[in-house]
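Residue-level listing of the chains:
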Amino acid sequence: MTIPMEKSLLSLALVLPGLLFANVGAAAVSSDEVPALVRALEQDPLAPDARQVRAELIRWATDTQDVTITVCAVLGPIPDAGVPNGPALMAQAMFANGAFKLEYPEQRDDEVAAQLAGIASLLRAYEKLLAADPGARIPEFDTWLQQREDGTLAEQRTPSITEKCLGSGSDDEARAD
């Protein structure tokens, strides 16, 4: 897993313990199962087993040799504290990044495409979360939903992804495979 930016590293340190709390006795997930599990979380991020599924996917993401998941600061207000459903949405983007690379192996090195897939998955889960709790709005994600509707989301997000995920490998980048 590649983790650029100190803030992302700190964010993962804050988010992962909550997701891993349900990891006691978690079954091992195979890479073949990941895309379906990611889609299930998109469709029902509040499912009774969602926390367990996230814990299993975290375990998979840290253990897999099949893909490298890059986590970088391209998710707007996430990982700031106080963002409604922030940890679940951050995890959704991360898992979808890996699922994209598994489903489209010829694009494994296309980090922009993988990050856009993560953002798209995050937005689908966000819509489901809003349906359950309209008060959980995140203004920046509402803007992204409008950009998706207008067909400009990729165009709008690509510069940030390019800058923050494909930088020259500065000193504030950490790599943990």
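Residues numbered from 1 in each chain as written. Predicted model: local features only at pLDDT ≥ 70, side-chain atom pairs only at ≥ 80, totals over all residues. Heavy atoms only, no water.

Asks: Explain the state of the cysteines to me, please; I cannot follow it from the model alone.
Replies: Linking two cysteines covalently via their sulfur atoms produces the bond known as a disulfide. What the rule picks out here adds up to one disulfide. Cys72 shares a disulfide with Cys165; S-S distance 1.8 Å. As the torsion about the S-S bond is roughly 75 degrees, the Cys72-Cys165 disulfide counts as right-handed. With a gap of 93 residues between them, Cys72 in the loop between helix H3 (50–63) and helix H4 (86–103) and Cys165 in helix H7 (residues 153–165) connect regions that are remote in the sequence. Across the pair, exposure class does not vary: Cys72 and Cys165 are buried alike. (Disulfide = S-S within 2.5 Å. Helix = DSSP H or I, 4+ residues; strand = E, 2+ residues; numbered from the N terminus. Buried < 20%, exposed > 50% of the residue type's maximum accessible area, 1.4 Å probe, protein only.)

Asks: Please explain helix H6 (residues 139–150) as it appears in this structure.
Replies: One turn of the α-helix equals 3.6 residues, which is why residues spaced by three or four share an orientation. With twelve residues, H6 extends 17 Å from end C-alpha to end C-alpha; this agrees with the ideal 16 Å at 1.5 Å per step. Taken as a whole, H6 has its buried residues at Phe141, Trp144, Leu145 and Gln147. Across the axial projection of H6, the buried residues extend over an arc of 160 degrees, all falling on one side. With respect to the buried face of H6, the exposed residues turned more than 90 degrees away are Pro139 and Glu149. Against the buried residues of H6 lie H4, helix H5 (111–132) and H7. In the segment just after H6, Gly151 is the residue with positive phi, at about 80 degrees. (Expected span 1.5 Å × (residues − 1). Arc of directions from axis to C-beta. Contact = heavy atoms within 4.5 Å.)

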